[in-house]
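Letter by letter, the chains look like this.
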Amino acid sequence: MRRLAWVALALGAGACAVTPLTNKIAPGEDPFVVAIGEGPAGETDLFAANTAGGSFIRFTFTRRVERIARLAPSGVMLAFLRDRTDRDSTTLDLVVMNLLNASERRVEVPAALGRPTGLGWSRDGGRLYLTGSGGSLVSEAPPAPLALAPADREVADSAVAELLGEPAYARVDRCGTVVCLVTVDGDTTPLPADTREAIRWTADSVGLLRGNEIEVRPLGGGRLRRPTLTGVPTGLRSLSHHAGAADTLR
């Protein structure tokens, strides 16, 4: 496969650059969630909220559709897909954003991938995996400008999965028409019928998107909670959570 060069976008040169998240969320330190939502004019952009209690903040502003956002284990880098133009949803870029300064690196996603189905990081944050209907791809994470190359499907599937527990003993999956949890032994637990997504929240809890509201449930049973979040954008989806410096996510 031909080598694809990363394209750096100068959207902030230094770590102390002012971004929409400045003084509201400290990536890598605070517990926060990133999601895709829709702006007032229907634009599909990225939003973030401090899950200790806060309001959703829009931090990308583009007419191109964004999708499948995933935070790195550090909580500082964010990977997502973006349409290459505002008129063509068939060609995509894999974008990695540094949330401290809003700088981006991007690489075109080969058409051979087909319809994207998952995006994830290796446990050490050194690699990115992208799966699709046509196979799977891997790339060294920034700043190394390395080419995308075919990845081992089993490793890629594990990287893009929402794995629960530490060490992982279950994953989020789809059981027919509902979202469910599947253990390593194959046992399934259906989640409430109105659950649209489920993600790893912390090492011992799972986050559910029910309607347009986030609900956090302990994996071992116990009282659920709902983070107090305001300014929830329309069409909230593609959640990714970082538990902050006080908790080890992966």
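Since the model is a prediction, treat every value here as computed from it, not as a measurement.

Trainee: In this structure, what is going on with the overall build of the protein chain? I would like to understand it.
Mentor: A count of helical and extended segments in the protein chain gives 1 helix and 22 strands. Against the compact-globule benchmark of 18 Å for 250 residues, the protein chain has a radius of gyration of 17 Å, which places it among compact chains. Over its C-alpha atoms, taken along the principal directions, the protein chain stretches across nearly 50 × 40 × 35 Å. Sequence separation of 24 or more characterises 46% of the internal contacts of the protein chain that already satisfy a separation of 6 or more.

Trainee: Honestly, the sheet that holds strand β5 (residues 57-58) in this entry has me stumped. Any pointers?
Mentor: Strand pairing within a sheet occurs via backbone hydrogen bonds; the two strands may be parallel or antiparallel. With respect to topology, 4 strands assemble into an open sheet ordered β5-β3-β2-β22, the strand pairing being antiparallel. Of all the strands in the sheet, just β5 and β22 (234-242) have a single pairing partner and so form its edges. Inspection of the sheet shows strand β3 (residues 44-50) paired to β5 by 2 bridges, in the antiparallel sense. Residue pairing in the sheet places F47 in a bridge with R58 of β5.

Trainee: How should I be thinking about the sheet that holds strand β12 (residues 135-140) in this particular structure?
Mentor: Strand order in the open sheet formed by 4 strands is β10-β11-β12-β13, and the pairing between neighbours is antiparallel. Taken across any chain shown, the strands that pair with only one partner, and hence form the sheet edges, are β10 (116-121) and β13 (149-150). Bridging between strand β11 (residues 127-132) and β12 involves 6 bridges; their strand directions are antiparallel. Bridging across to β12, Y129 finds its partner in V138.

Trainee: Sorry if this is basic, but what is going on with the nonpolar core here?
Mentor: Nonpolar side chains in soluble globular proteins generally cluster together in the buried interior. L94, V109, W121 and L128 are the most contacted members of the largest nonpolar core, which has 18 residues in total. Of all elements in the fold, only β7 (77-85), β8 (88-98), β10 and β11 reach the threshold of two or more residues within this core. Not counting residues within four places of it along the chain, the set of residues in contact with L128 comprises A79, L94, V96, L119, G120, W121, L137, V138 and S139. Formed by 16 residues, the second largest nonpolar core is a distinct cluster that contains L46, I57, F59 and V95.

Trainee: Teacher, can you tell me more about the pairing of strand β20 (residues 213-218) here?
Mentor: Each regular strand carries side chains that alternate between the two faces of the sheet. Pairing of strand β19 (residues 205-210) with β20 involves 6 bridges; the strand directions are antiparallel. Looking at the pairing, L208 lines up with E215 of β20. Count of turn residues in the β19/β20 antiparallel hairpin: 2 residues, of which G211 carries a positive phi of about 65°.

Trainee: Quick question: what am I supposed to make of helix α1 (residues 153-160) here?
Mentor: One turn of the α-helix equals 3.6 residues, which is why residues spaced by three or four share an orientation. Residues A156, A159 and V160 constitute the buried set of α1. Around the axis of α1, the buried residues are gathered within 90° of arc, so they sit on the same side. Looking at where α1 begins, the residue whose side-chain oxygen comes 3.1 Å from the main-chain nitrogen of E154 is D152.

Trainee: I tried to follow unusual backbone geometry on my own but got confused; where do I start?
Mentor: With the exception of glycine, most residues fall at negative phi, and the peptide bonds are largely trans. The peptide bond linking E166 to P167 adopts the cis configuration, its omega dihedral lying at 0°. Relative to the helices and strands, P167 resides in the loop between β14 (163-164) and β15 (170-175). A positive phi angle, near 65°, is found at N23, a position not held by glycine. N23 gets classed as exposed once you look at its relative accessible area, which sits at 81%. Phi at A102 takes a positive value of approximately 70°, unusual for a residue other than glycine. Mapped onto the secondary structure, A102 falls in the loop between β8 and β9 (104-108).

Trainee: I tried to follow the confidence of the model for the protein chain on my own but got confused; where do I start?
Mentor: Any region with low pLDDT has predicted coordinates that should not be read closely. Of all residues in the protein chain, 90% attain a pLDDT of 70 or more, and the chain-wide mean is 88. Predicted confidence for residues 1-15 stays below pLDDT 50, and this span has 46 contacts to residues more than four positions away or in other chains.

Trainee: What should I look at first to understand the side chain of S205 in this one?
Mentor: Here S205 lies in strand β19. In this structure the side chain of S205 is engaged in a polar contact, spanning 2.6 Å, whose partner is the side chain of T202. Excluding anything up to four places from it in sequence, S205 contacts R200, V216, R217, P218 and L219.

The rules behind these values
- Residues numbered from 1 in each chain as written.
- Predicted model: local features only at pLDDT ≥ 70, side-chain atom pairs only at ≥ 80, totals over all residues.
- Heavy atoms only, no water.
- Helix = DSSP H or I, 4+ residues; strand = E, 2+ residues; numbered from the N terminus.
- Rg over C-alpha atoms; globule rule 2.2 N^0.38 Å.
- Contact = heavy atoms within 4.5 Å.
- Pairing = 2+ DSSP bridges.
- Core = buried A, V, L, I, M, F, W, Y, C linked by side-chain atoms within 4.5 Å.
- Buried < 20%, exposed > 50% of the residue type's maximum accessible area, 1.4 Å probe, protein only.
- Arc of directions from axis to C-beta.
- Polar contact = N/O pair within 3.5 Å; in protein donor to acceptor, adjacent residues only side chain to side chain.
- pLDDT = per-residue confidence, 0-100.

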